[in-house]
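Each chain, written out:
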Amino acid sequence: MTMQEDHKDCFVLEGKMALPNQYFAGRLGSRFLIAIRDRKKIMGLKCNQCGKTFVPPREYCEKCWTKIADNWVELGTEGELVNFTVVRYGDRHLPKKPPYILGQIRLDGADTPLVHIVEGIDPREVESGIRVKAVFAAKTTNTIMDIDHFEPV
Amino acid sequence: MKKHAKNGNVAIIGIGQTSFSSHKEDQNQVEMVQEAVINALADAGLKIGDIDCIVHGNMELFEMQFAPDLWHSLGTGAYGKDEYRITTGGTTGATLVCAADNLVASGLYGTVLAIGMEKLQEGNTTGGITNMADPLWFRNLQTGALTGTTSDGACAMIFTSEEKVKQGTKNPPVWIRDHIQVHREETIPNLFGFNKPEMTHHCAARTLFARNGIQDPVAYFDVFEMYDPSAWWAVDWLREFFLLKGDEHLRMLEAGDFDLDGRIPINPSGGVIASNPIGATAMLRPAEAALQIRGDAGGHQIKKEVRHALASGFGGTFWTVLMILEKELNWQEVNHD
């Protein structure tokens with residue numbers, strides 16, 4: 001059965017919200033981005049107590065709450081694709097034209113995955129477990145997009 | 001007036017703050033939140049594993065970040081725990097305290113950590129407040145503007161049951177005797193009423209004092225941490241909160257009664273005009289009042305002993321939170337039936 005709503009003479013007010021905003025990367029986040037930008041290195045923070053290395057950086061170990069802000073370790077720029085999804089819709093705010101692969105990459109030396117775009121492989125053929133490597137952006141923006149994407153090794 | 005008795009007594013046993021500044025580019029939101037949480041845990045002598053539930057609060061529209069409690073969980077320690085999110089405008093911080101009070105008093109949780117935060121420097125506060133008005137009848141006509149200062153910062157507090165207090169606390173507990181929330185739709189033509197409504201501060205104070213048997217609030221309380229976003233509002237609001245008549249509040253002001261060594265010192269912390277990280281602002285009032293009771297307010301500790309403290313929160317649309325903090329667990333439940 002089809003419902004027939006009656007909206008004769010019912011007005012709708014059009015609104016538009018545009019609120020500028022910022023987000024502070026913080027000292028650690030900024031240092032992480034500078035390493036990518038200037039040295040093409042991906043850095044993690046390691047908890048010696050738990051033996052876990054976190055990326056993106058965080059000030060405290062999430063398991064034991066030890067302060068790890070100074071315990072930087074260099075990670076590989078290669079790693080394993082541990083999970084992924086395929087983005088199939090397009091929108092102005094998206095960084096790439098669909099379809100593209102959004103992956104979770106566990107870099108060599110890290111215990112947590114980094115989310116990024118995977119290119120250079122057909123979305124129909126991508127599988128978890130493949131090895132991928134970072135491709136750094138030619139033009140830097142001081143964001144996580146200073147890694148342009150990852151691609152199969 | 002119906003009898004007011006809590007299901008269980010609730011104490012503040014931990015207080016943590018960050019510094020407050022309009023320049024916190026060195027910290028992201030998660031890091032700022034965690035600083036307050038770590039300070040509160042240290043103050044209580046607890047570990048994050050001792051916390052049963054987290055109550056998180058800010059005004060997400062002010063930073064234009066949705067569901068910040070989710071990624072803040074690295075900083076709040078909410079991972080694997082029950083968590084609630086509170087977003088009630090200027091009163092957010094005070095509502096957090098009320099919620100934590102209720103969660104513990106109900107017996108649902110033994111120990112609750114509440115965290116209020118804001119990074120107003122990152123957002124567009126006036127833009128957010130403008131969207132407060134009813135879009136159908138008022139938004140085109142009136143806009144909201146932040147009337148106070150804007151700051152970045154966080155405050156965390158830890159609440160626990162009387163039963164747990166009896167097992168020992170690192171610092172003296174401060175008891176939440178009672179709290180009340182009063183609010184109304186603040187509009188030009190007054191959406192609900194045919195009559196001018198009672199000022200929410202007055203309604204809150206009248207009701208709260210009556211059900212706790214407090215006849216003379218100026219004599220009873222030793223300090224009042226009042227949410228006063230603009231310095232010139234405080235004077236009028238003191239009349240409402242203390243149920244004063246005519247120009248009594250002005251005479252008291254001239255007599256120095258509200259000074260830090262006066263009859264009822266107001267805002268030894270410096271108040272909201274000193275710092276206003278909105279989600280934390282209204283929590284800082286009971287937090288600072290509790291520090292006064294403990295004698296731990298440092299350089300701004302008032303000289304006389306503080307046994308009974310009053311703390312208020314304020315926000316749009318004329319939302320008042322008022323709470324009574326006590327040093328001793330010795331007040332009488334009042335029955336006005």
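Criteria and cut-off values
- Residues numbered from 1 in each chain as written.
- Chains lettered and ligands numbered in written order.
- Predicted model: local features only at pLDDT ≥ 70, side-chain atom pairs only at ≥ 80, totals over all residues.
- Helix = DSSP H or I, 4+ residues; strand = E, 2+ residues; numbered from the N terminus.
- Rg over C-alpha atoms; globule rule 2.2 N^0.38 Å.
- Contact = placed C-beta atoms within 7 Å.
- Core = buried A, V, L, I, M, F, W, Y, C linked by C-beta atoms within 7 Å.
- Buried ≥ 20, exposed ≤ 12 C-beta atoms within 10 Å, placed from the backbone.
- Domains from an automatic or database assignment.
- Pairing = 2+ DSSP bridges.
- Axes fitted to C-alpha atoms, helices over the stretch in contact; angles between N-to-C directions.
- pLDDT = per-residue confidence, 0-100.
- Nonpolar A, V, L, I, M, F, W, Y, C, P; charged D, E, K, R; others polar.

**Digging into the overall build of chain B**
And step 1. A count of helical and extended segments in chain B gives 12 helices and 9 strands.
And step 2. Computed over the C-alpha atoms, the radius of gyration of chain B is 19 Å, within 12% of the 20 Å expected from 2.2 N^0.38 for a compact globule of 337 residues.
And step 3. Each principal axis of the C-alpha distribution contributes one length, and for chain B these read about 50 × 50 × 40 Å.
And step 4. Counting only contacts in chain B whose residues sit at least 6 apart along the sequence, the fraction spanning at least 24 positions is 80%.

**Here's the deal with the nonpolar core**
All names here are of chain B.
And step 1. With 84 residues, the main nonpolar core has Ala 114, Met 157, Met 283 and Leu 325 as its most contacted residues.
And step 2. Here this core gathers at least three residues from each of two domains, domain 1 (10–166) and domain 2 (174–326).
And step 3. Once residues within four sequence positions are removed from consideration, Met 283 is found in contact with Gly 93, Ala 94, Leu 96, Val 97, Ala 114, Gly 116, Cys 155 and Met 157.

**A few points about the sheet that holds strand β6 (residues 174–182) of chain B**
Residues and elements named next belong to chain B.
And step 1. The strand order across the open sheet built from 9 strands is β3-β2-β4-β5-β1-β6-β9-β8-β7, with neighbouring strands paired in mixed fashion. Both edges of this open sheet fall to β3 (82–86) and β7 (223–225), since each of them pairs with a single strand only. Between one strand and the next, the sheet's axes are offset by a mean angle of 25 degrees, whatever the strand orientation.
And step 2. Sheet analysis places strand β2 (residues 53–57) next to β3, joined by 5 bridges and oriented parallel. Its bridge partner being in β3, His 56 is matched across the sheet by Arg 85.
And step 3. Its contacts with the sheet place helix α5 (residues 92–105) against β1 (10–17), β2, β3, β4 (111–119), β5 (152–161), β6, β8 (308–315) and β9 (319–326), and it is angled at close to 170 degrees to β4.
And step 4. Strands β6 and β9 of the sheet are contacted by helix α8 (residues 200–211), whose axis makes an angle of about 35 degrees with β9.

**Comments concerning the pairing of β2 of chain B**
And step 1. The element β2 of chain B is largely enclosed, with a buried count of 5 among its 5 residues.
And step 2. A two-sided burial pattern is seen for β2 of chain B, the buried positions comprising Cys 53, Val 55 and Gly 57 of chain B on one face and Ile 54 and His 56 of chain B on the other.

**What about the confidence of the model for chain B?**
And step 1. With 93% of its residues at a pLDDT of at least 70, chain B reaches an overall mean of 91.
And step 2. At the level of chain-chain contacts, confidence expressed as ipTM amounts to 0.87, with global pTM at 0.93.

**Quick word on the interface of chain B and chain A**
And step 1. The interface is formed by 20 residues belonging to chain B together with 18 residues belonging to chain A.
And step 2. Elements with a minimum of two residues in the side of chain B that touches chain A: α1 (29–44) and α6 (125–130) of chain B.

**Details of the domain arrangement of chain B**
Residue and element names in this part refer to chain B.
And step 1. When cut into domains, chain B gives domain 1 (10–166) and domain 2 (174–326).
And step 2. Distance between the C-alpha centres of domain 1 and domain 2: 20 Å.
And step 3. The interface is formed by 43 residues belonging to domain 1 together with 34 residues belonging to domain 2.
And step 4. Elements represented by at least two residues in the side of domain 1 that touches domain 2 include exactly β1, α5, β4 and β5.
And step 5. Among the elements that take part in the side of domain 1 that touches domain 2, α5 stands out by supplying 8 residues, more than any other.
And step 6. Across the side of domain 1 that touches domain 2, the residue classes break down as 20 nonpolar, 19 polar and 4 charged.

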